[in-house]
Amino acid sequence: MVKPNSLQSQRGAYSILTVFVLIMSLGALGVLAVGHVAWEKTRLQGVADLVALTAARQLSNGPEFAEAQAIALANGVSEDDDLTIECIIDDAPTNDCDNSITSRVTIVRPVNGLLVFLPNREVTVLAEATVAPTVVGSVSSGLLSLDTNQSALLNGLLTALGGGAINLNVAQWGSLLGSDIRVDLLDLAIGLDALSVNELLSLEISALGLLQEALLLGNAEEADKMEVRGVLSALSGPLNNVNVSVGDILALDLSGRTNTTLDVNLGQLAQVTLLNAVEGVGYVLPISSGLLNLDVGVNILEAPQIFVGRKMPYKDPIATGRTAQVALDVRVRQLLNLNLPLINLSALDLGLQLRVAGGLAEVNELTCRYPRSTNNMVMTVVPALTEVCISDSASNLNTTVGSLECGAPANILNVNLLGLVNAGVTLAAEISLRSDPVQYSFDGVAPFSEIIDLSVGETLSNLLQNIELNVGIDLPLLGPLITGTVNGLVDVLLKALDPVLSPILGLVGNILDGLLQVLGVDLNTVTVNVDSMDCQSVVLTR
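Now for a look at the structure at hand. (Residues numbered from 1 in each chain as written. Predicted model: local features only at pLDDT ≥ 70, side-chain atom pairs only at ≥ 80, totals over all residues. Heavy atoms only, no water.)

### Section: the overall build of the protein
Looking only at helices and strands, one finds 13 helices and 27 strands in the protein. Residues counted as buried form 51% of the 542 residues belonging to the protein. Contacts in the protein between residues at least 24 apart in sequence constitute 76% of all its contacts with a sequence separation of at least 6. Summed over all atoms, the accessible surface of the protein reaches about 24,500 Å², with 52% contributed by carbon and sulfur. (Helix = DSSP H or I, 4+ residues; strand = E, 2+ residues; numbered from the N terminus. Buried < 20%, exposed > 50% of the residue type's maximum accessible area, 1.4 Å probe, protein only. Contact = heavy atoms within 4.5 Å. Areas by Shrake-Rupley, 256 points an atom, 1.4 Å probe, with all protein chains shown as cover.)

In structure tokens, the structure reads:
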């Protein structure tokens, strides 16, 4: 028989145990509820991160961000959730997504409390991602093959560096400039023991060493590198004889550190490096064409550059690179086929000075969209300034300072009139030409190359053929008996010279047009080479 006190004690023990179990169960449910919220928040944060990265890669599709919205829905974001995708500039939301490089994603989700007596809660997550769109390219004349005069000019400039004579033929030059090998500038920096791209810019290295290292790190198979290696071997003497500053070759405008791939075409790097190597090296190229004989003095005042830039909010220009700046000092000699009674002429011998000042290429807009085929880049090309003198000399021809200063009229002919009077024929002319900047829009995925027609609509051939000539004659003092006769002969001579000189100058201009092209200058067109346009390098920043 159980005693009453004993029963009461058991009931008390069961009550305590029940209370304890209930408390523990409620605690466990509370922990489960908290864990559920934490789990939901962690899962939702992963979705927000993914959506932010997607939006950052296509900021110009904002503020709608259809692709990012689709990514969110595919990863469990429902109509009950509050999803916000914004473009950010200076830590503030903006609708100016074209100028933004940061996306912000906020997701607010109601979470069920699991138990009737537990309240529903809201989970809020936030993610930010920043893209660093970059562009690498160059502006040149797009020349891939050489005629005889162009090849002779390049050979002469390179030989003038020392280290042996150079004979670079058409096929060799084409294989170098036409190379599809691509080099990452970050890899190049590491290969040259530079700790960063900025340190790479301060590096001075032989032109040969730079190109050999770039070829070694290029993305081509070994068999594809053999032909280019042969060209560099042919150029090894002079290119190993001169050091170049990488900062002169690359016009780099990046903000902060970068892990973005900075691909550059090896052919473009080679052209810029070669012209940089011969900068300031004067060379006189003799050219004959029929009765026409030229001595063309060439001096590269500034070499072209490869531009590298990163987009930042409201940054304009994003990148800037110059084209070549060239001085030409030309002597023209030709026998004139003029049969004028009572007038004897010497051969034509005139001086011509030209300075083609380097233009600029500016990347103004860089727009990343989805699909990538709709990516867009807007560039402004400031055409070269062309200055021409026909004079005895131009004192500041081989400098980059000020406008070209034409000297005294050039003495171009000696003439004998009536077999009695010796005189000198003088010629003076000057002209400068610069067209308005040309803005061009490119769509698509790099690499690509586009030829832009400049509004100048002019060549040196046309320019020189139509230049206004000031022809004069220096006569000695004449007696009154022959003055009238001599003046009449002078009128005949001057009228005969103008239609003869213009075609000669046109032919000279045609030859000079071709020479300028090998130096990366063309008055009519420029070729824009975009080697890389990266929209994929996105990092979570919050």
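Let's pick the thread back up.
### Section: the state of the cysteines
Evaluation of the coordinates by the stated rule reveals 3 disulfides. Here C389 engages in a disulfide with C406; their sulfurs sit 1.8 Å apart. Judged by the torsion about the S-S bond (-80 degrees), the C389/C406 disulfide is left-handed. Taken together, the positions of C389 in strand β20 (residues 385-390) and C406 in the loop between β20 and β21 (410-417) put the pair 17 residues apart, joining distant regions of the chain. What makes C406 partly exposed here is its relative accessible area of 26%. (Disulfide = S-S within 2.5 Å.)

### With respect to the sheet that holds strand β18 (residues 360-367)
With antiparallel pairing, 4 strands are arranged side by side in an open sheet as β14-β18-β19-β23. Either end of the sheet is taken by a strand with one partner, and the two such strands are β14 (319-322) and β23 (438-443). For this sheet, the mean angle separating the axes of adjacent strands, direction not counted, is 20 degrees. (Pairing = 2+ DSSP bridges. Axes fitted to C-alpha atoms, helices over the stretch in contact; angles between N-to-C directions.)

### Some remarks on empty space enclosed by the protein
Inspection of the entire model under this criterion finds 3 cavities of 30 Å³ or more. Looking at the second largest cavity, its volume works out to about 50 Å³. Together, A56, L59, S60, C97, D98, S100, V131, P133, K311, L366, T367 and C368 line the second largest cavity. Here the residues of the lining of the second largest cavity are counted per class, giving 7 nonpolar, 3 polar and 2 charged. (1 Å grid on protein atoms, 1.4 Å probe; cavity = no way out; pocket = protein on both sides within 12 Å on 5 of 7 lines; lining within 4 Å. Points joined across faces, edges and corners; volume = space filled by probe spheres on them. Nonpolar A, V, L, I, M, F, W, Y, C, P; charged D, E, K, R; others polar.)

### Comments concerning the packing of helix α7 (residues 207-217) against helix α11 (residues 266-277)
In contact at an axis separation of 10 Å, α7 and α11 are set at 175 degrees when each is read in the N-to-C sense. Judged on the interaxial angle alone, α11 and α7 are roughly antiparallel. When α7 is examined against α11, the residues A207, L210, L211, A214 and L215 are found in contact with a partner set consisting of L266, L269, A270, T273, L274 and A277. Classifying every residue of the contact of α7 with α11 gives 10 nonpolar, 1 polar and no charged. (Parallel < 35°, antiparallel > 145°, perpendicular 65-115°, else oblique.)

### So, helix α8 (residues 222-234)
Note on helix geometry: an α-helix contains 3.6 residues per turn, so any two residues three or four positions apart are oriented the same way. Compared with an ideal rise of 1.5 Å per residue, which puts 13 residues at 18 Å, α8 spans 19 Å between its outermost C-alpha atoms and is within 8% of the ideal. Considering bend angle alone, the principal kink of α8 is centred on V228 and spans about 25 degrees. Every buried residue of α8 is accounted for by K225, V228, V231 and L232. (Expected span 1.5 Å × (residues − 1). Bend = angle between axes of the 7 residues up to and from the residue.)

### Details of the sheet that holds strand β1 (residues 82-89)
Pairing in this open sheet of 5 strands is antiparallel, and the strands run β2-β1-β3-β4-β27 from one edge to the other. With one partner strand each, in any of the chains shown, β2 (92-94) and β27 (538-540) form the two edges of the open sheet. On average, each strand axis in the sheet is tilted by 40 degrees relative to the strand beside it, whichever way the strands run. As defined by bridge partners, strand β3 (residues 102-111) adjoins strand β4 (residues 121-131) across 10 bridges and the pair is classed as antiparallel. Residue R109 lies in a different strand from β4, and its bridge partner there is V123.

### Remarks on the nonpolar core
Buried together is how nonpolar side chains tend to be arranged in soluble globular proteins. Grouped together as the largest cluster of nonpolar side chains are 109 residues, with contacts concentrated most on L352 and L512. Counting residues per element, this core draws most heavily on helix α13 (residues 480-518), which supplies 15 residues. Here L512 is in contact with V296, L328, V330, L352, L354 and L460, once residues within four sequence places are set aside. Among the nonpolar cores identified, the runner-up in size contains 27 residues, and V51, A68, I85 and A127 belong to it. (Core = buried A, V, L, I, M, F, W, Y, C linked by side-chain atoms within 4.5 Å.)

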